[in-house]
Amino acid sequence: MLVVIDGTRQLKNHHSRHLKEILQTLYFCVSLLNDFIGTNESTPKRTPLIRTIKDVLFSVAFPIALYVSVAFWGIYAIDKPLVFPEILEKIFPAWLNHTMHTFITMFLVIELLVTKRNYPSRMTGSTITTLFVVAYAVWMHVLHARTGAWPYPIFDVLNLPMRLIFCAFSTILGLGIYVLGEKLNSILSPISIQYYRNGTSKKLK
């Protein structure tokens, strides 16, 4: 399938792809701040606010990053122009593409393996993740209404009902990845606070 797009309009909206990098940068900045004024203990007696923010940000950044990698490279393997048209390939080198769609997940997987954190309650984490996805979808449609271009060409071939289905499926997949991250964290950080769905918690030993 070949998608023909207006290169100028496509490049104009390319910046909207960078929200995931902004989220990840925010997380690592907060993590650095936590190293200085917070705590990296598995179960601190009194959890500083900066540590709570750090843990919540990770719980959101991880599923977003993993979803982006899975969705981008999955579609890329099936029909490359739908996510990475020729106009972008000419000006974006391979290393930059991997920075945007591969390394974002690799860095957070390393973070998951080498640091400890306490996930928020599933209700809190999944709600924030859902709000982020919905906000991005709304922003994407607002940009299209203003510029006539989508950040990814795949949306040029989807009508409104199909876009809604795509966004709904993406949200469900993102929530599934959220639960996966929560489970992996409980395995890799067994000495932590484990939250139940109703928000109550217990300390695991």
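Overall, the prediction assigns the chain a mean pLDDT of 84, with 84% of residues at 70 or greater. The secondary structure element of the chain with the lowest average pLDDT is helix H1 (residues 7–12), at 47, and the one with the highest is helix H3 (residues 49–78), at 94. Predicted confidence is poor over residues 1–13, with pLDDT under 50, and the contacts of this stretch with residues over four places away or in other chains come to 35 contacts. Segment residues 196–200: pLDDT under 50, and nine contacts once partners within four positions in sequence are set aside and those in other chains are kept.

With that settled, the discussion passes to the packing of aromatic side chains. Inspection of every chain in the model, using the stated rule, returns 13 aromatic pairs. With a centroid separation of 5.6 Å and an interplanar angle of 55°, the aromatic rings of Tyr27 and Phe58 are classed as tilted. In this pair, Tyr27 sits in helix H2 (residues 19–37) while Phe58 sits in helix H3, placing the two residues 31 residues apart along the sequence. Exposure class is identical for Tyr27 and Phe58. Each is buried. Note on Phe72 and Phe84: the rings are 6.4 Å apart at their centroids and 80° apart in plane angle, and the pair reads as edge-to-face. Separated by twelve residues along the polypeptide, Phe72 in helix H3 and Phe84 in the loop between H3 and helix H4 (86–89) bring together distant segments of the chain. By the burial criterion, Phe72 is buried, and Phe84 matches it. Following the ring pairs from residue to residue traces out a cluster consisting of Tyr27, Phe28, Phe58, Phe62, Tyr119 and Tyr178. Between Arg117 and the ring centre of Phe58, over which it is positioned, the NZ or CZ distance is 4.3 Å.

Here is what the cut-offs are and how they apply
- Residues numbered from 1 in each chain as written.
- Predicted model: local features only at pLDDT ≥ 70, side-chain atom pairs only at ≥ 80, totals over all residues.
- Heavy atoms only, no water.
- pLDDT = per-residue confidence, 0-100.
- Helix = DSSP H or I, 4+ residues; strand = E, 2+ residues; numbered from the N terminus.
- Contact = heavy atoms within 4.5 Å.
- Phe/Tyr/Trp six-rings, centres within 6.5 Å; stacked < 30°, edge-to-face > 60°.
- Buried < 20%, exposed > 50% of the residue type's maximum accessible area, 1.4 Å probe, protein only.
- Lys NZ or Arg CZ within 6 Å of the ring centre and 35° of its normal.

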